[in-house]
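An overview of the molecular structure
Residue-level listing of the chains:
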Amino acid sequence: MNDSLQDKAALYALGLLEGEESRAFELAMAKDPDLQALVAELSDTTAELALTLKPIAPPAHLKAKVMDSIIRSDSHSGGNARMAPARRSWAMAGWGIAAAVTVSSVWLFQERQRLTREIAIVTNGEAEARAELLDTAAKLASIQQSEATLKQQIAAATQRDDKLNRELADAKSKAAQLAGEIASLLKRNYLAEMQISTLQSTVDEFKQGVAVVVWDSDKHEGVLKLEKMPPIDPQNDYQLWVVDPKNPAPVSAGVVSVDAQGFAKVDFKPVDIVSEAAKFALSVEQKGGVDKVAGPIVLISP
Amino acid sequence: MSTRTPTVQDATDEDLLVRAAGGDQSAFSALYDRFSPPLFALMRQMLGDETEAEDVLQEGFVYVWKHASQFDAARAKPFTWAVMIFRHKAIDRIRARGRRARMEEAAAEMPENLAAAPVSADEAADAVDRVAIVREAVRGLPGEQRRMIELSFLKGLTHHDIASTLAVPLGTVKTNIRRGLLKLRDLVKGGTQ
């Protein structure tokens, strides 16, 4: 048993605990047999201190007053077992009633004992319920604190998530920008390697025709676009030629068929290796084309 | 085989109280004769007033008569039970006077020293005499402990009042009272402290 509880036991034995403090101690004592035993011992010790004083007999009239008081108190209480001697003759006359009262008193006494036990049980239950309530309140406070901590952590994580999302969006934007820059650079590089030639004619019939050749020397291929080309004999075809200074004869790049409006757009690839496309020429050849230029050159690049 | 109800002179305190609870006025009268001298001395000491001591003594014994059936021998001795009743009544009166008044009274009139009562020749001759044992035990207490117990027991001062009167911390008062009572218990029981 701790000192604090012993302090209270000593104060209780001396009658020094008051009000709520005294009731709280009695609750604690009700469920602690050791504490009950200690209080009983200290109460006996305290009471025996009265014996150390020099006894003083109270005035004789005081006893008469006390005895008179108890007789009157019994008289006022309606005539129970504690009747004054002067009234005993009446009691004798009503012996049966007295016996009944005695039985009732015994029953009441037993009933009182039972109620006292029940009150003690209820009191214990109340003390336990209070303890449980305090325990629950403490747990609730702990849970609330944990909840608050988790909310703080969630808020911090959300902030970090938002920041990461912003950084990711920023990075994507930069990547897209870089990709655009790379595409632009590639396109510029591609165009730089392209050779564009416009073919012209000295023949009146073909002067209104427009012919443009885009030549990719790396890929060794090109695109020919014709517009407003005059119709030719159905037995003939236009044929494109690539003039290579290192090659004694122009290299055929295939025949070209134009539509009714004189329009055509074809991809072409020379039949032989071309080291350098110095010029492009368009001739009119027999249907299906020829290996070497045989017909008239109608358009040629400068 | 026959049983005999002891006379009131032979009866124990508990017997008398049980009989009083059953309405036996002669038993109650005998109990009064046994208990009233030490209780009257205690009331006079606590209240410091003859008339008030008589009033409380009368109230107390009427209370004992009316509530004798509530006495529980398993929890206290009859005299202990009576002392608690009378002290509570005296303390109620003292507290009704007001805190300042009772502290001034306590400071002006230190209580009769519990251990100072002269040891009689009978006490000296009879080592088992209960009063002598208790007095000797009180003498065995350290001064501070004895003084604080006297102020609370004989003057009805609370531990707060004692701390103020003696200008010491409340914790010191509680500790001294606890240690003093425990030591007193051990000494009275004959054990070592």
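Computed from a predicted model, the values in this text were never measured in an experiment.

All right, on to the sheet that holds strand E3 (residues 221-227) of chain A then. Residues and elements named next belong to chain A. In space, the four strands of this open sheet follow the order E1-E2-E3-E6, with antiparallel pairing throughout. Only two strands of the sheet have a single neighbouring strand rather than two, namely strand E1 (194-199) and strand E6 (264-268). The sheet shows a mean angle of 15 degrees between the axes of neighbouring strands, taken without regard to direction. In the sheet, E1 pairs with strand E2 (residues 210-216) via six bridges, with the strands oriented antiparallel. Across the sheet, Thr198 pairs through a bridge with Val212, a residue of E2.

Bringing the packing of aromatic side chains into the picture now. Residue and element names in this part refer to chain A. Under the counting rule described, the total for this entry stands at eleven aromatic pairs over all chains. Ring plane angle 80 degrees and centroid distance 6.2 Å describe the contact between Phe206 and Tyr238, whose orientation is recorded as edge-to-face. Of the two residues, Phe206 sits in helix H7 (residues 204-207) while Tyr238 sits in strand E4 (residues 236-243), which places them 32 residues apart along the sequence. For the pair Phe206 and Tyr238, one class covers both residues: buried.

We now examine the sheet that holds strand E8 (residues 297-300) of chain A. Residue and element names in this part refer to chain A. Strand order across the open sheet formed by four strands is E5-E4-E7-E8, with antiparallel pairing between neighbours. Every interior strand has two partners, whereas the edge strands, strand E5 (251-256) and E8, have only one. Shown here is a sheet whose adjacent strand axes are inclined to one another by a mean of 25 degrees, direction ignored. Of the strand pairs in this sheet, E4 and strand E7 (residues 279-286) are connected by eight bridges, and their pairing is antiparallel. Residue pairing in the sheet places Leu240 in a bridge with Leu282 of E7.

All right, on to the nonpolar core then. Nonpolar side chains in soluble globular proteins generally cluster together in the buried interior. With 77 residues, the main nonpolar core has Phe28(B), Leu39(B), Leu42(B), Met43(B), Phe61(B), Phe86(B) and Ile177(B) as its most contacted residues. Examining the composition of this core, we find that 13 residues originate from one element, helix H2 (residues 25-47) of chain B, more than from any other. The residues contacting Phe28(B), other than those within four sequence positions of it, are Val66(A), Met67(A), Ile70(A), Ala20(B), Phe61(B), Val64(B) and Trp65(B). Leu199(A), Phe206(A), Trp215(A) and Ala277(A) belong to the second-largest nonpolar core, a separate cluster that totals 23 residues.

This part takes up the confidence of the model for chain A. Model confidence for chain A is summarised by a mean pLDDT of 82, while 86% of its residues fall at 70 or above. Long-range and interchain partners of residues 78-93 of chain A, a stretch whose pLDDT sits below 50, account for 21 contacts in this model, where long-range means more than four residues apart.

Cut-offs used in this document
- Residues numbered from 1 in each chain as written.
- Chains lettered and ligands numbered in written order.
- Predicted model: local features only at pLDDT ≥ 70, side-chain atom pairs only at ≥ 80, totals over all residues.
- Heavy atoms only, no water.
- Pairing = 2+ DSSP bridges.
- Helix = DSSP H or I, 4+ residues; strand = E, 2+ residues; numbered from the N terminus.
- Axes fitted to C-alpha atoms, helices over the stretch in contact; angles between N-to-C directions.
- Phe/Tyr/Trp six-rings, centres within 6.5 Å; stacked < 30°, edge-to-face > 60°.
- Buried < 20%, exposed > 50% of the residue type's maximum accessible area, 1.4 Å probe, protein only.
- Core = buried A, V, L, I, M, F, W, Y, C linked by side-chain atoms within 4.5 Å.
- Contact = heavy atoms within 4.5 Å.
- pLDDT = per-residue confidence, 0-100.

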